[in-house]
Amino acid sequence: MNCEESKELLVAYVEGLLEDSEQQAVEEHLKDCSACQAELQELTGLHDRLVTNGKALAQSNLEKDVMNQVIREQNVRLKVTSRATEALKIRRTIMRSPVTRIAAVAAVIIVAAIGINYIMAPSVTWAQVIEPILNARTIVFDLIIGSEDSGMVQHEIFAGSRIRRTMSNMPNMTMIIDTDNEKLLALDTEGKTATYADISGELGDRHRSFIKFVRQIITQLQEGQVKELGEKVIDGRKAIGFVGKGQNEAVTIWADPETALPIRIEAQLGQEFAFTMKNFEFDADVDESLVSMDVPDGYTLEKTNIDLGNSNEEDFIESLRIWAEIIGDGTFPEAIGTEATMKQMPLLVQKVTAMQVSEEKGTQIGMSFAKGMLFHQTLETQGQWKYTGAGVKLGDASKAIFWYQPQGSATYRVIYGDLSVKDVAPEDLPK
Amino acid sequence: MSENDKYYVERCLDGHPDDYRYLVRRYQGVLLANLAGKLGSRDRAEEAAQEALVRAYFNMGKLRKPDSFFSWLLGIADNVAKEHERKEQIQRQREIVRSFSEESSGTELSQDYALESAIAELPEAYRKVILLRYYGGHSCNQIAEQLDMPLGTVTKTLSRAYAMLRESLQQQKQAEVYEV
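The rules we used
- Residues numbered from 1 in each chain as written.
- Chains lettered and ligands numbered in written order.
- Predicted model: local features only at pLDDT ≥ 70, side-chain atom pairs only at ≥ 80, totals over all residues.
- Helix = DSSP H or I, 4+ residues; strand = E, 2+ residues; numbered from the N terminus.
- Buried ≥ 20, exposed ≤ 12 C-beta atoms within 10 Å, placed from the backbone.
- Contact = placed C-beta atoms within 7 Å.
- Core = buried A, V, L, I, M, F, W, Y, C linked by C-beta atoms within 7 Å.
- Domains from an automatic or database assignment.
- Pairing = 2+ DSSP bridges.
- Axes fitted to C-alpha atoms, helices over the stretch in contact; angles between N-to-C directions.
- Expected span 1.5 Å × (residues − 1).
- Parallel < 35°, antiparallel > 145°, perpendicular 65-115°, else oblique.
- Left-handed = near helix turned anticlockwise from the far one by under 90°.
- Nonpolar A, V, L, I, M, F, W, Y, C, P; charged D, E, K, R; others polar.
- pLDDT = per-residue confidence, 0-100.

A. Representation of the overall build of chain A within the structure. Check the secondary structure of chain A and you find 11 helices and 17 strands. Counting the 431 residues in chain A, one finds 39% classified as buried. Long-range pairs, those at least 24 residues apart, make up 61% of the contacts in chain A with a sequence separation of at least 6.

Following this line, the structure appears as structure tokens:
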């Protein structure tokens, strides 16, 4: 071995990384070479210096300070922007698992299919302010289901029979809905996958866009049902308000007093279901590609059959079970319904991921949950139901958690904490 | 080394902030070594390391590959250091530190500032290997795994890093002589 070869191996020699034969060769060479001996001494000196310094720094203890700061800031952030954290969590979980992607698609379809089996007596058009809502070719707006601080904002681009929809708590999901052909295209913009869902059948009958829904309500309100609310500042702008009240619904429209363009629309259906629309843009240019039903370039089409049609009571009970067992750790939730479902979806996705079940099983859980909630949606706007399960333990046969009156039935169906069901006469309903 | 980085990163993202402590334990020494040379004092390095660790925690959602946590964390620490440097006119700082460091006054100053600043000047690939080996307690095999390179490459990188460190330390010495 010559000096050059030896020098190349000296660091590895100091580190004890050489094979026996190499080590021997280096040692042989060192015996007779003072230059390499000096080099070795230098290297050993530097090695020791690194080790000593490393040990000194390793004694420091940042753990307590860092953890305190993390927990403290986490708490502050949770309070201030729990939505952002939720969004972050859901994005991460969705990204990791195809199971959760499908669960998310199912959740999104729930919102897409929102209770539109809503029938009112036909009547006449009522005011100037509704003209843009009725006639705009395209409408871009934000939609909030439930109370405004629910933190979940849906952004919609409405263009005739096509809708593009995104949701703030599932930032990588985009839905494109074709209401004419009753099809839905779900895009996972992070995983670059696309899924088609068939929303025909029972779901198709109910499925229309929020805009069409509002159009339907306002065109059917009778002249005498509309009241003026006067002027008020809405979202920082002067606005004039109207409220149209039907038997079971109310639509409030706040509009710009000069242009008559709506600024904000609030709808209340039955007692339990409400939504708000705002940040309107009427007749904006909407690029056709935004609402195209084709799988975009670079996306993989997933061959999952999403069947959400014809949900029944059995599906609903299954979703209650999932809610208590998986989401609530054995306890039924504070509230059920579309708003609660959308809020809980990230948690369900997380829990299912943590259960480490097969893709098939995970998909099934997501579907079952969504399907059962679809059944509940058919009741949601009608008001002949009551949920009393908050805090009840799964398996508790002594407590009723839900009752409803099926269409045309004289008796009520009552569901108990053990998920058994009984037919009950109106006078015997649990108080 | 119990669980790998990816495991803890995912635990944190799944809502178990407490598990972040294992990553802090694993990399605090590494960060300090990386920062001490850049910032000039132990206290400053600790402050910046803490900031980097907290920042990393709250940005974990942006980490695309959980198993590259270390490289990513190091990048954050480098950014923090840059921000601190800008604030504090580091050049002047260094001179002051250098003149003090001969008295080696214990707590405030790094024990071997010359070495740390030499490390701080290493190109990233070499810096990572040195940091993990001597400040993160990794064996060369573990480094190979962590940085996803063959063991032979780790050895060569280490060897080259030694050469660069020696050169840099040599230059520092000469500069001091010249200054005096």
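And the narrative resumes.
B. Looking closely at the overall build of chain B. Across its full length, chain B holds nine helices and zero strands. Put simply, chain B runs from its N terminus to its C terminus through helices and strands in the order α-α-α-α-α-α-α-α-α. Out of the 180 residues belonging to chain B, those deemed buried represent 43%. Considering only contacts in chain B between residues 6 or more positions apart, those separated by 24 or more positions represent 66%.

C. Up close: the interface of chain B and chain A. On the chain A side, the residues contacting the 32 residues of chain B number 33 residues. Elements with a minimum of two residues in the side of chain B that touches chain A: helix H2 (20–39), helix H3 (42–58), helix H7 (124–135) and helix H9 (151–179) of chain B. Examining the composition of the side of chain B that touches chain A, we find that eight residues originate from one element, H2 of chain B, more than from any other.

D. Region of interest: the nonpolar core. Of all hydrophobic cores here, the largest spans 76 residues; its most connected members are Val 214 and Ile 401 of chain A. Considering each element in turn, this core owes the most residues, eight residues, to helix H11 (residues 359–380) of chain A. Split by domain, this core shows at least three residues from each of two domains, domain 3 (114–301) and domain 4 (310–428) of chain A. Sequence-distant contacts of Val 214 of chain A, defined by excluding residues within four places in its chain, comprise Ile 133, Val 251, Ile 265 and Ala 267 of chain A. Formed by 62 residues, the second largest nonpolar core is a distinct cluster that contains Leu 17 of chain A together with Phe 70, Leu 122 and Leu 132 of chain B.

E. Expanded view of the sheet that holds strand E15 (residues 400–404) of chain A. Residues and elements named next belong to chain A. With antiparallel pairing, the four strands of this open sheet are ordered in space as E14-E15-E16-E17. Bordering the open sheet on either side are strand E14 (385–387) and strand E17 (421–424), each of which pairs with just one other strand. Neighbour-to-neighbour, the strand axes of this sheet turn through a mean angle of 20 degrees, independent of strand direction. Here E14 pairs with E15 via three bridges, running antiparallel. Counted as the bridge partner of Lys 386 is Trp 403 from E15.

F. Local environment of unusual backbone geometry. The phi dihedral of Asp 283 of chain A is positive, around 50 degrees, even though this residue is not glycine. One can find Asp 283 of chain A in the loop between strand E11 (273–282) and strand E12 (300–301). On the neighbour-count criterion, Asp 283 of chain A (12 C-beta atoms within 10 Å) is exposed. Here the phi dihedral of Asp 148 of chain B falls at roughly 55 degrees; this positive angle occurs in a residue that is not glycine. In this fold, Asp 148 of chain B is placed in the loop between helix H8 (140–146) and H9.

G. Layout of helix H3 (residues 34–58) of chain A. With 25 residues, H3 of chain A extends 36 Å between its outermost C-alpha atoms, agreeing within 8% with the 36 Å of an ideal straight helix rising 1.5 Å per residue. Every buried residue of H3 of chain A is accounted for by Cys 36, Leu 43, Leu 46, Leu 50, Asn 53, Gly 54 and Leu 57 of chain A.

H. Inspection of the environment of Gly 40 of chain B at higher detail. Relative to the helices and strands, Gly 40 of chain B resides in the loop between H2 and H3. The spatial distance from the C-alpha of Gly 40 of chain B to the C-alpha of Glu 85 of chain B is 9.8 Å, given a sequence separation of 45 residues.

I. Quick peek at the packing of helix H1 (residues 3–14) of chain A against H3 of chain A. Residue and element names in this part refer to chain A. The contact between H1 and H3 brings their axes to 10 Å, and the two run at 25 degrees. The angle between H1 and H3 falls in the class roughly parallel. Note that H1 runs across H3; the crossing there is right-handed. Between H1, through Cys 3, Ser 6, Lys 7, Leu 10, Val 11 and Val 14, and H3, the contact on the second element is made entirely by Ala 35, Cys 36, Glu 39, Leu 40, Leu 43, Thr 44 and His 47. For the contact of H1 with H3, the per-class residue count stands at eight nonpolar, three polar and two charged.

J. Broad picture of the pairing of strand E2 (residues 153–159) of chain A. All names here are of chain A. Buried residues dominate E2, accounting for five of its seven residues. Bridging between E2 and strand E3 (residues 162–167) involves six bridges; their strand directions are antiparallel. Across the sheet, residue Gln 154 finds its bridge partner in E3, namely Met 167.

K. Looking closely at the confidence of the model for chain B. Residues and elements named next belong to chain B. For chain B, per-residue confidence averages 80 on the pLDDT scale, and residues scoring 70 or more make up 82% of the total. Mean pLDDT values for the elements of chain B range from 53 in helix H5 (residues 90–101) up to 89 in H7. Predicted confidence is poor over residues 100–109, with pLDDT under 50, and the contacts of this stretch with residues over four places away or in other chains come to 11 contacts. Here the predicted complex carries an ipTM of 0.73, next to a pTM of 0.44.

L. Expanded view of the packing of H1 of chain A against helix H2 (residues 20–32) of chain A. All names here are of chain A. Contact geometry of H1 with H2 gives a least axis separation of 10 Å together with a crossing angle of 120 degrees. Judged by the twist between their axes, the crossing of H1 over H2 is left-handed. Residues Ser 6, Leu 9 and Tyr 13 of H1 lie in contact with H2, whose contacting residues are Glu 22, Gln 23, Val 26 and His 29. The class makeup of the residues in the contact of H1 with H2 is three nonpolar, three polar and one charged.

M. Summary view of the environment of Trp 403 of chain A. All names here are of chain A. Within the fold, Trp 403 resides in strand E15. Along the chain, Trp 403 and Trp 385 lie 18 residues apart, while their C-alpha atoms are 5.5 Å from each other. Trp 403 has contacts with Trp 385, Lys 386, Tyr 412, Arg 413, Val 414, Ile 415 and Leu 429, leaving out every residue within four places of it along the chain.

N. Examining helix H6 (residues 113–120) of chain B more closely. H6 of chain B sits mainly inside the fold: six of its eight residues count as buried. Residues of H6 of chain B that are buried: Tyr 113, Leu 115, Glu 116, Ser 117, Ala 118 and Ile 119 of chain B.

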